[in-house]
Amino acid sequence: MSQLAKATSLANFGRVQFTDVVKNYGKIRAVNGTTLSIDPGQLVTLLGPSGCGKTTTLRMIAGLELPTAGRIEIGDTDVSNLPATYRNVAMVFQSYALFPHMSVLDNVSYGLRMTKVPKADAYVRAEQTLGLVGLEGYGSRLPSELSGGQQQRVAVARAVVLQPEVLLLDEPLSNLDAKLRRQVREEIRALQQRLQVTTIYVTHDQEEAMAVSDRIIVMEKGEVAQDGTPQDLYEHPRSRFIASFIGEANLVPCSIERAANGQCHAEVNGVHVAVPQTELRGEATLVIRPEATTLSEGDGAGAIPATVSSVAYLGDRVYYGLSSPLGQLFHIEHTSSVRHPKSSDVVIRFDAAKLRVVK
Ligand code: ATP
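On a predicted model such as this, the values are computed, not experimentally measured, just so you know. (Residues numbered from 1 in each chain as written. Predicted model: local features only at pLDDT ≥ 70, side-chain atom pairs only at ≥ 80, totals over all residues. Heavy atoms only, no water.)

Undergrad: Whenever I open this one, the sheet that holds strand S17 (residues 318-324) confuses me. Can you help?
TA: Across a sheet, strands are paired by hydrogen bonds formed along the backbone, either parallel or antiparallel in direction. Taken together, five strands build an open sheet; the order of strands is S15-S19-S16-S17-S18 and the sheet is antiparallel. At either margin of the open sheet sits one strand with a lone partner, and together these are strand S15 (293-297) and strand S18 (327-333). On average, adjacent strands in this sheet sit at an angle of 40° to one another, irrespective of strand direction. Note that strand S16 (residues 304-313) and strand S19 (residues 345-350) share four bridges and pair antiparallel. Within S19, the residue paired with Ile 304 across the bridge is Ile 348. (Pairing = 2+ DSSP bridges. Helix = DSSP H or I, 4+ residues; strand = E, 2+ residues; numbered from the N terminus. Axes fitted to C-alpha atoms, helices over the stretch in contact; angles between N-to-C directions.)

Laid out in structure tokens, this is it:
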């Protein structure tokens, strides 16, 4: 553990705090006055579209970039202007950045040997860490003799062997195929929980973020758009951008009105849809998640007529495209059979409690 880490109180070890942090590259503002705090031991994902400032934020935590303005704290220490080598953080890069001419064991023990840990101790700790990532017995191989998934695990081992205060992962799964991504993300999550190390994970894949995170910080144009648990973000999106970025949803332009009985409803093309209480009035967006709708045949009171315009059978679920007075909608049913063929007439019912409205 470094002197820096020793100076941090145990309760705050692994805490990360940004206060009004700005990062400019020349005239480009990559991060625009971000304030965020990450609790010790959590796995927090920075999620957002390309260019929103995720990697720049991560690199500022690592000390690979220094902020133009604002304050960054790790533990109890203001690290705003502290270079990377003096920070107790470790980063796993997208490309893994393993030393190709060094064995796996030399790669994993490298950081320890650089900090003057005796060679024998460094090798013992590296062997133990290879065991943690399921690579015992692989120490003498070269990185080129490993699969992509195994190289990624070596990169993780090389970072966690240092027992960093904060572990940073920059799109760690982007070089793996879809099936392996799912497996490796579960391994990373399990390792993080076992080690209880504060971990900050960058991805642009919302499903990956939902699967691994205690909390997700969604960024848009250099700012925090919303910050919460995966469930918060999915169930209570604060904006159209979040509703569209997290999970799947129909986003229908509407007008919000309050009826005489105090209930709120969304008006779309003359159709009134009951929605949960909201302070919003006037122009808004109705967010319809697939699980908020049910489809049936025939007509029914309070239901919306629609015609099935497309059917996509995916084995465990069926995607329906629907032409309706609310416009073109999609609906997903988790079933292994097509209940409503193309061109059939159906009715749509909404579970009002599951509908949301956003600006
Ligand atoms: P991606 O998912 O594509 O990696 P990101 O969300 O990680 O994107 P950043 O890499 O942080 O985004 O970039 C944020 C903005 O800053 C972008 O407009 C980018 O072009 C710009 N930027 C990043 N690094 C530099 C640099 N070294 N010099 C100039 N501009 C940069």
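Undergrad: Honestly, the packing of helix H5 (residues 148-160) against helix H6 (residues 178-195) in this entry has me stumped. Any pointers?
TA: Remark: H5 packs on H6, axes separated minimally by 11 Å, with the N-to-C direction vectors making an angle of 20°. Put simply, H5 runs roughly parallel to H6. Considering only the axes of H5 and H6, their crossing is right-handed. Contacts between H5 and H6 pair Gly 149, Gln 152, Arg 153, Val 156 and Val 160 from the former with Leu 180, Gln 183, Val 184, Glu 187, Ile 188, Leu 191 and Leu 195 from the latter. Residues that form the contact of H5 with H6 fall into these classes: seven nonpolar, three polar and two charged. (Parallel < 35°, antiparallel > 145°, perpendicular 65-115°, else oblique. Left-handed = near helix turned anticlockwise from the far one by under 90°. Contact = heavy atoms within 4.5 Å. Nonpolar A, V, L, I, M, F, W, Y, C, P; charged D, E, K, R; others polar.)

Undergrad: What am I meant to see in the packing of aromatic side chains here?
TA: The geometry of two aromatic rings is summed up by the distance between their centres and the angle between their planes. Taken as a whole and judged by the stated rule, the model has two aromatic pairs. Look at Phe 241 and Phe 245: their rings are 5.5 Å apart centre to centre, the planes differ by 20°, and that puts the pair in the stacked class. On the criterion of helical spacing, the pair formed by Phe 241 and Phe 245 is a turn pair, its members being four residues apart in helix H9 (residues 240-245). Neither Phe 241 nor Phe 245 differs from the other in exposure class; each is buried. Directly above the aromatic system of Phe 99 lies the positively charged group of Arg 158, at a separation of 5.6 Å from the ring centroid. When the ring centre of Tyr 234 is taken as origin, the NZ or CZ atom of Arg 289, which lies over that ring, is 4.0 Å away. (Phe/Tyr/Trp six-rings, centres within 6.5 Å; stacked < 30°, edge-to-face > 60°. Buried < 20%, exposed > 50% of the residue type's maximum accessible area, 1.4 Å probe, protein only. Lys NZ or Arg CZ within 6 Å of the ring centre and 35° of its normal.)

Undergrad: Sorry if this is basic, but what is going on with the domain arrangement of the chain here?
TA: Note: interface size is frequently given as the accessible area lost on complex formation between the parts. Structurally, the chain comprises domain 1 (3-235) and domain 2 (250-358). Relative to domain 2, the C-alpha centre of domain 1 lies at a distance of 41 Å. (Domains from an automatic or database assignment.)

Undergrad: Can you walk me through the environment of Ala 266 in this structure?
TA: Tracing the sequence through the fold places Ala 266 in strand S12 (residues 264-268). For Ala 266, the residues in contact, after removing those within four places along its chain, are Cys 254, Ser 255, Ile 256, Val 271, His 272, Val 273, Val 275 and Leu 286.

Undergrad: What am I meant to see in the pairing of S19 here?
TA: The side chains of a regular strand alternate, residue by residue, between the two faces of the sheet. Pairing geometry for S15 and S19, over five bridges, is antiparallel. Note that in S19 the partner of Ser 296 across the bridge is Val 347.

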